[in-house]
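Summary of structural features
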Amino acid sequence: MSLTPKNRSTPLDAPLLGVCLGVILSIPLMGILAVVFGSDYDSRVWIYGLGMLWSVVGALSVFFATYKNPGALTGKRLVLWCVSVWIWPLVLLVKRR
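To start, this report covers the structure provided alongside it. Just so you know, the residues in each chain are numbered from 1, in the order the chain's sequence is written. The model is predicted, so local features are restricted to residues of pLDDT at least 70 and side-chain atom pairs to those at 80 or more, both for listing and for counting; the totals for chains, interfaces and linings are taken over all residues. As a rule here, side-chain values come from all non-hydrogen atoms in the structure, and water together with hydrogens is ignored.

**Section: the overall build of the protein**
Labels follow the DSSP assignment, with helices taken as runs of H or I lasting at least four residues and strands as runs of E lasting at least two, numbered in each case from the N terminus. The number of helices and strands found in the protein is 4 helices and 0 strands. Start at the N end of the protein and walk to the C end: the helices and strands fall as α-α-α-α. Only protein chains enter the accessibility calculation, which uses a 1.4 Å probe; a residue is then buried when its area is under 20% of its type maximum, exposed when over 50%, and partly exposed in between. Residue burial in the protein is summarised as follows: out of 97 residues, 27% are buried. Any pair of residues with heavy atoms lying within 4.5 Å of one another is described as a contacting pair. When contacts within the protein are restricted to residue pairs at least 6 apart in sequence, those whose partners lie at least 24 apart make up 70%. Using a 1.4 Å probe, accessible areas were evaluated by the Shrake-Rupley method; residue-level cover was limited to the displayed protein chains. Here the protein displays about 7,200 Å² of accessible surface, and carbon together with sulfur accounts for 72% of that area.

Right, here's the structure in full:
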């Protein structure tokens, strides 16, 4: 009897990691954009909030568009998922065709 754990990775690990990393990278990016483009506190809050909402909706849509055929976790795919969090309307258009 072996006590070594079995490989517990699932096919969802790669897309989930990719979109989560995309959202995590969005946090400081949106903070910087809010400071650059916001003239007062209220405008910075709106820029940050809408940008984070955009990236979370993008993460959900990219995840649901790719979870059935995730592929292997490579550096190229990880970067692609992170970028896709921001350009998710294009991902959905390509997915429909």
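We are not done yet, so read on.
**A few points about the packing of helix 1 (residues 13–37) against helix 3 (residues 75–84)**
Pairs of packed helices are described in terms of their axes, by the angle between the two and the distance that separates them. For the pair helix 1 and helix 3, the least separation of the axes is 8 Å and the interaxial angle reads 50 degrees. The pairing of helix 1 with helix 3 is recorded here as oblique in orientation. Viewed along their axes, helix 1 and helix 3 form a crossing whose handedness is right-handed. On helix 3, the residues that touch Ala14, Pro15, Leu17, Gly18, Val19, Leu21, Gly22 and Leu25 of helix 1 are Leu78, Trp81 and Cys82. Between the N-to-C directions of two axes lies an angle of 0 to 180 degrees, each axis being a line fitted to C-alpha atoms and, for a helix, fitted only over the stretch in contact. Working definition: roughly parallel below 35 degrees, roughly antiparallel above 145 degrees, roughly perpendicular at 65 to 115 degrees, and oblique for all remaining angles. Crossings are classed by handedness, with left-handed meaning an anticlockwise turn of the near helix from the far one by less than a right angle and right-handed meaning a clockwise turn.

**Things to note about the environment of arginine 44**
Topologically, arginine 44 is positioned in helix 2 (residues 41–66). A relative accessible area of 30% places arginine 44 in the partly exposed class. In this structure, the C-alpha to C-alpha distance between arginine 44 and isoleucine 32, residues 12 residues apart in sequence, is 9.7 Å.

**A look at the packing of helix 1 against helix 2**
Running from N to C, helix 1 and helix 2 cross one another at 165 degrees; their axes reach a closest spacing of 9 Å. Classified by the interaxial angle, the pair formed by helix 1 and helix 2 is roughly antiparallel. The way helix 1 lies across helix 2 gives a crossing that is right-handed. Here Pro15, Leu16, Val19, Val23, Ser26, Ile27, Met30, Gly31, Leu33, Ala34, Val35 and Phe37 of helix 1 come into contact with helix 2, specifically with Arg44, Ile47, Tyr48, Gly51, Met52, Ser55, Val56, Ala59, Val62, Phe63 and Thr66. Charged residues are taken to be Asp, Glu, Lys and Arg, nonpolar residues to be Ala, Val, Leu, Ile, Met, Phe, Trp, Tyr, Cys and Pro, and polar residues to be all remaining types, Gly included. By residue class, the composition of the contact of helix 1 with helix 2 is 17 nonpolar, 5 polar and 1 charged.

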